[in-house]
Amino acid sequence: MDRNQSASNYALAALIGRTTSNEKLYRSAIKSLIAFQVSDTSSKIYGSFGDKKTNQVYSFNELLALLALSNIKTAEFDY
């Protein structure tokens, strides 16, 4: 990941994949989106899609991530 990537980019791609029934795009985008999620349980922003080094979280990233992940059933998707 670099500074030109953000969770919202992948969330938007996932939404497009879901809307167009493009399973390959959808799954690929979701996997990339999940890579942005803060998994360190000791972080102040644990679970968010922010920057754990600076503790910055952007509402647009969070909103689109929630929309993209809203219909996933754990049994049908392997992170």
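This text goes with the structure placed above it.
What counts and what doesn't
Residues numbered from 1 in each chain as written. Predicted model: local features only at pLDDT ≥ 70, side-chain atom pairs only at ≥ 80, totals over all residues. Heavy atoms only, no water. Core = buried A, V, L, I, M, F, W, Y, C linked by side-chain atoms within 4.5 Å. Buried < 20%, exposed > 50% of the residue type's maximum accessible area, 1.4 Å probe, protein only. Helix = DSSP H or I, 4+ residues; strand = E, 2+ residues; numbered from the N terminus. Contact = heavy atoms within 4.5 Å. Phe/Tyr/Trp six-rings, centres within 6.5 Å; stacked < 30°, edge-to-face > 60°. Salt bridge = Lys/Arg side-chain N within 4 Å of Asp/Glu carboxyl O.

A.B. asks: Which residues make up the nonpolar core, and what values do they have?
C.D. replies: Grouped together as the largest cluster of nonpolar side chains are 17 residues, with contacts concentrated most on Ala 14, Ile 30, Leu 33, Phe 49, Ala 68 and Leu 69. Among the elements of the structure, helix H1 (7-19), helix H2 (23-35) and helix H3 (59-69) are those that each provide at least two residues to this core. Excluding its chain neighbours within four sequence positions, the residues that come into contact with Phe 49 are Ala 7, Leu 33, Phe 36, Gln 37, Asn 61, Glu 62, Ala 65 and Leu 69.

A.B. asks: Break down the packing of aromatic side chains for me, with residues and values.
C.D. replies: For the structure shown, the criterion picks out one aromatic pair. Taking 5.7 Å as the distance between ring centres and 35° as the angle between the ring planes, the aromatic pair formed by Tyr 10 and Phe 36 counts as tilted. Here Tyr 10, found in helix H1, pairs with Phe 36, found in the loop between H2 and H3; they are 26 residues apart in sequence, far enough to count as distant. Accessibility expressed as a relative area gives 23% for Tyr 10, which makes it partly exposed. Among the residues examined, Phe 36 registers a relative accessible area of 14% and is labelled buried.

A.B. asks: Break down the pattern of salt bridges for me, with residues and values.
C.D. replies: The final tally for this structure, using the stated rule, is one salt bridge. A salt bridge links Glu 23 to Arg 27; the nearest nitrogen and oxygen atoms lie 2.7 Å apart. With a gap of four residues between them, Glu 23 and Arg 27 both fall in helix H2, about one helical turn apart. Judged by its relative accessible area of 43%, Glu 23 is partly exposed. Classification of Arg 27 as partly exposed rests on a relative accessible area of 30%.

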